[in-house]
Amino acid sequence: MRIKGAILAVLAILFIACNDDLNSVGTGTMPDEDRIQVYTDTIYPDAKTIKIDSIYARTINGLLGNFTDPMYGTLKSDYLCQFYTQGENVFPDTIVNSKIDSITLNILYGKHSTRWYSSYASAYIDGGWIGDSLAPMVATVYPVRQDAPLKEDYYSNVVPAKYADLSTIYGTKAYTAKDLTVPDSVFNSYTYLYSNVRIKLPNSLGQKMYDEWKKNPATYSSLDKFNKFFPGLYITTTTGSGNILNVAYTRIYVHFKVVTKSVLDSSVDSTYAGSTPFPVSKEVVQLNQYKSTNDEKLLVNNSTETYLKTPAGIFTQYTIPIPEIAAKQKDKKFNSVKLTVSALSNDNWQYKLNVPPTLLLLPKDSLINFFEKPHVADNKTSYTANFSNYTYNFNNISSLIQYAIDNKSNENLEVVLVPVTVVSTSYSDSYYGTINVPYTTNHYLLPSGIRLKKDKESLKLDFILTKK
């Protein structure tokens, strides 16, 4: 009987009341001074697709190629890059006849078109490309001019002609994303992690690099000196369409023969082949260009959906009616504000784009500054949500709404949804084991696209407020 009485007491406390502004759930039988009322409401923001001029793209993982999606349009990607030197001891001093044999540019990318797990590397390897693995492409390499060194301007609207000598071709290579020269037995081996587009560069460049080292090794003593001597390359595609490589590593190798004493008999000279690598690394500058075209239809406002496309700077913007919300809030306090974003599947064609795995929501006027310095969503004015069952759920953005009311209660709030990657670092804890901690959020730089619903049932802000 005590249990039944307790249940009846609880039921007596809860009741549904109405209010001119909000639906109210209150504790009506409590004394007035202790009564807490709970209010609920739903607001429907306006939505549209926007395109920004460029995105911040500081990365050494370049995209190379040209690909057209029937829904999202065309994306062309290429990059300019400097190269890293490890110091003055970059070449052996016994190169045969002081002559280099060759110099090659190596563009490495994952061997599959989807993300896969490598037991050899004990890690996931990002997919090597999107699109048709057999589409014929031609990569072309140009030198960066001595009088136009690359600057640390990492926005994706870089103009290659500003830096590169487009009248001088250093090398070309026809290729397909799936390297048909590699036997299946090698390609399917767990030790074969990356495919490689290898482009022969002029021998004169390699000889120049070696001769400079012989004459003035101090040129290699710092990145600043080395990059002034060799300002870098512009790597693009000049023929073909159908795929884009997700480049994991870009490296130059200078190849030569070296004379040394035989291990078995020190009086006998032996000759072996050697090479010196010059990689693109985070210490040097890489400028990435992403050009999105044939995407005008995405920007046409319609009543059913908006779009996201990466890394092209096509985002979805929501306009939240802050004056309307402020009028409803009055003397109440936000308990939670949930934003539900529902998505539609892409057309089911062979090379359809993947969906962006994570979205960042933040005020539109914060978009530029957020990515230039390491930032993570603070759950106050910026939030992230992961893709799950064709939905992105931002569980509680009440701090952002309250901030907007306090600072601009007479203005609508414009927020944007931006596909991102959250980069984490990890540390070990004796009790919890390995713990991953996010330390920065970057634009999602792989090709992707998704349609977001904008009807009332699929796009809404659900409010819970309290009043004492």
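Cut-offs used in this document
Residues numbered from 1 in each chain as written. Predicted model: local features only at pLDDT ≥ 70, side-chain atom pairs only at ≥ 80, totals over all residues. Heavy atoms only, no water. Helix = DSSP H or I, 4+ residues; strand = E, 2+ residues; numbered from the N terminus. Buried < 20%, exposed > 50% of the residue type's maximum accessible area, 1.4 Å probe, protein only. Contact = heavy atoms within 4.5 Å. Phe/Tyr/Trp six-rings, centres within 6.5 Å; stacked < 30°, edge-to-face > 60°. Lys NZ or Arg CZ within 6 Å of the ring centre and 35° of its normal. Pairing = 2+ DSSP bridges. pLDDT = per-residue confidence, 0-100.

A. Fine view of the side chain of Ser 54. Residue placement: Ser 54 occurs in the loop between β4 (46-51) and β5 (63-69). Judged by its relative accessible area of 14%, Ser 54 falls in the buried class. The contact partners of Ser 54, leaving out residues within four places of it in the chain, are Tyr 155, Ser 156 and Asn 157.

B. Spotlight on the packing of aromatic side chains. The tally for this structure, following the rule as stated, stands at 25 aromatic pairs. Ring centres of Tyr 56 and Tyr 154 lie 6.0 Å apart, and the angle between their planes is 75°; this geometry places the pair in the edge-to-face category. Taken together, the residues Tyr 56 in the loop between β4 and β5 and Tyr 154 in the loop between β11 (137-143) and β12 (171-175) connect sequence positions 98 residues apart. This pair shows no difference in class: Tyr 56 is buried, exactly as Tyr 154 is. Each ring, one from Tyr 220 and one from Phe 278, has its centre 6.3 Å from the other, and the planes form 45°; the classification is tilted. A residue pair is termed long-range when its members are at least 10 positions apart, and Tyr 220 in the loop between α3 (203-215) and α4 (223-229) and Phe 278 in strand β16 (residues 269-279) qualify at 58 residues. Comparing Tyr 220 with Phe 278, the two get one shared label, buried. Three or more aromatic residues joined by ring pairs make a cluster, and in this case those are Phe 83, Phe 91, Tyr 210, Trp 213, Tyr 220, Phe 226, Phe 229, Phe 230, Phe 256 and Phe 278. Its end group placed over the ring of Phe 187, Lys 178 keeps NZ or CZ at 4.3 Å from the ring centre. Taking NZ or CZ as reference, Lys 332 lies 5.1 Å from the ring centre of Tyr 39, over its face.

C. Focus on the pairing of strand β20 (residues 333-344). As paired elements, β20 and strand β27 (residues 459-467) share eight bridges and run antiparallel to each other. Of the residues in β27, the one forming a bridge with Ser 336 is Ile 464. Where β20 and strand β23 (residues 391-394) come together, four bridges link them in antiparallel fashion. Looking across to β23, one finds that Thr 340 is bridged to Asn 393. Of the strand pairs in this sheet, β20 and strand β26 (residues 448-453) are connected by two bridges, and their pairing is antiparallel. Bridging from a neighbouring strand, Leu 344 pairs with Arg 451 of β26.

D. Main features of the confidence of the model for the protein. On average, residues of the protein carry a pLDDT of 88, and 85% of them reach 70 or more. When the criterion is pLDDT under 50, residues 1-20 qualifies, and its contacts beyond four places in sequence or with other chains add up to 16 contacts.

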